[in-house]
Amino acid sequence: MKFDWSLREEILTVTHRWPLVIIVFLIGCLIGWGISAILPSPYRAETTLSVAYNADAIARNPDDYKNWHMNQLNALAIAPDVLQETLNQLRQIDTYWESVSAEEFGETIGVHWRNTGIWRLTAESDTQEHALQAADIWTDTFFETYHAASSAAADANFLEAELYNQSRSLNQAKMRHAELTGIKDGIETWRNQVSALPEEQPLDATNRWQLLSLVSRAACFDPAWTALLDQAPPAAAPLKDYLSWLDKVIPALETGIEALEIQIVTMESQLVETDEHKQQAFQESRGLSAKVFVERHSESPPTVTRVRESSISASIGGVLALLILLVIWMASITKKSIQRE
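It should be emphasised that the depicted structure is a prediction, and the values quoted were computed from it without experimental measurement.

Rules used throughout
- Residues numbered from 1 in each chain as written.
- Predicted model: local features only at pLDDT ≥ 70, side-chain atom pairs only at ≥ 80, totals over all residues.
- Heavy atoms only, no water.
- Helix = DSSP H or I, 4+ residues; strand = E, 2+ residues; numbered from the N terminus.
- Buried < 20%, exposed > 50% of the residue type's maximum accessible area, 1.4 Å probe, protein only.
- Areas by Shrake-Rupley, 256 points an atom, 1.4 Å probe, with all protein chains shown as cover.
- Axes fitted to C-alpha atoms, helices over the stretch in contact; angles between N-to-C directions.
- Parallel < 35°, antiparallel > 145°, perpendicular 65-115°, else oblique.
- Left-handed = near helix turned anticlockwise from the far one by under 90°.
- Contact = heavy atoms within 4.5 Å.
- Nonpolar A, V, L, I, M, F, W, Y, C, P; charged D, E, K, R; others polar.
- Phe/Tyr/Trp six-rings, centres within 6.5 Å; stacked < 30°, edge-to-face > 60°.
- Lys NZ or Arg CZ within 6 Å of the ring centre and 35° of its normal.
- Polar contact = N/O pair within 3.5 Å; in protein donor to acceptor, adjacent residues only side chain to side chain.
- Salt bridge = Lys/Arg side-chain N within 4 Å of Asp/Glu carboxyl O.

Trainee: Honestly, the overall build of the chain in this entry has me stumped. Any pointers?
Mentor: Scanning the chain from N- to C-terminus turns up 10 helices and five strands. Per-residue burial for the chain yields a buried fraction of 34% across its 341 residues. With the model as given, the accessible surface of the chain reaches about 21000 Å², and the carbon-plus-sulfur share is 57%.

Trainee: In this structure, what is going on with the packing of helix 4 (residues 80-93) against helix 6 (residues 128-194)? I would like to understand it.
Mentor: A packed helix pair is summarised by two numbers, namely the angle formed by the two axes and the spacing between the axes. Relative to each other, helix 4 and helix 6 sit at 130 degrees, their axes nearing to 9 Å. Classified by the interaxial angle, the pair formed by helix 4 and helix 6 is oblique. The two elements helix 4 and helix 6 meet at a crossing, and its hand is right-handed. Across the interface between the two elements, Val-82, Leu-83, Glu-85, Thr-86, Gln-89, Leu-90 and Ile-93 of helix 4 pack against Gln-133, Ala-134, Ile-137, Trp-138, Thr-141, Phe-142, Glu-144 and Thr-145 of helix 6. Here the contact of helix 4 with helix 6 is composed, by residue class, of eight nonpolar, five polar and two charged.

Trainee: Explanation requested: the packing of aromatic side chains in the structure shown.
Mentor: Each aromatic ring pair is summarised here by two numbers: the centre-to-centre distance and the angle between the ring planes. Overall, the coordinates contain five aromatic pairs when judged by the stated rule. Taking 5.0 Å as the distance between ring centres and 80 degrees as the angle between the ring planes, the aromatic pair formed by Tyr-96 and Trp-97 counts as edge-to-face. Taking the relative accessible area as the measure of exposure, Tyr-96 reaches 30% and is therefore partly exposed. What links up through ring pairs into an aromatic cluster is the set Tyr-96, Trp-97 and Phe-105. Sitting over the face of the ring of Trp-209, Arg-208 holds its NZ or CZ atom 5.7 Å from the ring centroid.

Trainee: Please clarify how the environment of Glu-85 should be interpreted in this entry.
Mentor: Tracing the sequence through the fold places Glu-85 in helix 4. Glu-85 gets classed as partly exposed once you look at its relative accessible area, which sits at 35%.

Trainee: Sorry if this is basic, but what is going on with the environment of Lys-66 here?
Mentor: In this fold, Lys-66 is placed in helix 3 (residues 62-77). Residue classification places Lys-66 among the buried positions, given a relative accessible area of 14%. Residues Lys-66 and Asn-54 lie 12 residues apart in sequence; the distance between their C-alpha atoms is 9.0 Å. Here the side chain of Lys-66 touches Asn-115 through a polar contact of 2.8 Å, side chain to side chain.

Trainee: Which parts of the structure should I look at to understand the pattern of salt bridges?
Mentor: When charged atoms on two side chains of opposite charge get close, those side chains can pair. For the structure on display, the rule yields 11 salt bridges. Of the charged contacts, one joins Glu-124 and Arg-44 as a salt bridge, the two residues approaching to 2.7 Å between their closest N and O atoms. Of this pair, Glu-124 sits in strand 3 (residues 117-125) while Arg-44 sits in strand 1 (residues 43-53), and the two are 80 residues apart along the sequence. Close ionic contact of Glu-268 with Lys-174 constitutes a salt bridge, the shortest N to O distance being 3.4 Å. With Glu-268 in helix 9 (residues 239-285) and Lys-174 in helix 6, the pair connects residues that are 94 residues apart, well separated along the chain. With relative accessibility at 33%, the residue Glu-268 sits in the partly exposed group. Residue class for Lys-174 comes out partly exposed when judged on its relative accessible area of 37%.

From the geometry alone we can't say anything about function, so treat these as descriptive.
Given below as structure tokens:
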């Protein structure tokens, strides 16, 4: 037998039974309200922060770079030590928190954000008072940690620049040391070359300019070396005058080389010390950037609301009851079709 099903007839049947639909809806609302009374919705306290980011830094992908800093700030807010310190302070003002572990506390808080701008810190609890306590103390602890980390991040940036300058100065000192050492070797070679010449004979122009060129390179605009250059023998002076002059030049070179060696050792030690301080500052910064700025959006106390209102629970219960009724109705239609086939 063919089963003729008509949507119009089914709807007509249901509309004639509208009191049943309303009763089912009201029963569902009552059940939803009862569940909300038995399992009351927790309270949620909320504080707002204002987060800004200095985008002057040059990065290959600025958005990823900024989001990385935002994630670092998020991680700082829910860091284990921040949560533990928050609990420690909460336990000093209310014994309720003695039975709450750091893991349990972490499950009741949340950081809500999409970008820079307004961030929301929320804390949930069974009572309004405890939700307020959690949100207030957690926010204070976060700010204390943030300020310490931000200050360390600024120190790390300063030390990074200082490290660059010290490294540059050290390289310049090493280059100057190598240059003076080469000049000293060049002068010794020059003296060996002219040692066979008669000392009373005037020095030829080639050897004279070769020597003066070496000494001029050592002078490098230094006043003491400039005065030493002014004491160079004239062009017609014999070789012995130049050899006597070298007896002043070579000690000056050796003194300069020794001073640079001491300076290089000192600078290397300072470089290592600065790098250690930078690494320590970076660790204390906890990966936070000095380009991220956080402040309270409002000085007013946290706002408190219920996570779910009883009216919403009742409405959800009523809608679920109607859906169950719909499923039963569809099942009855299917059953009728099977019986008539």
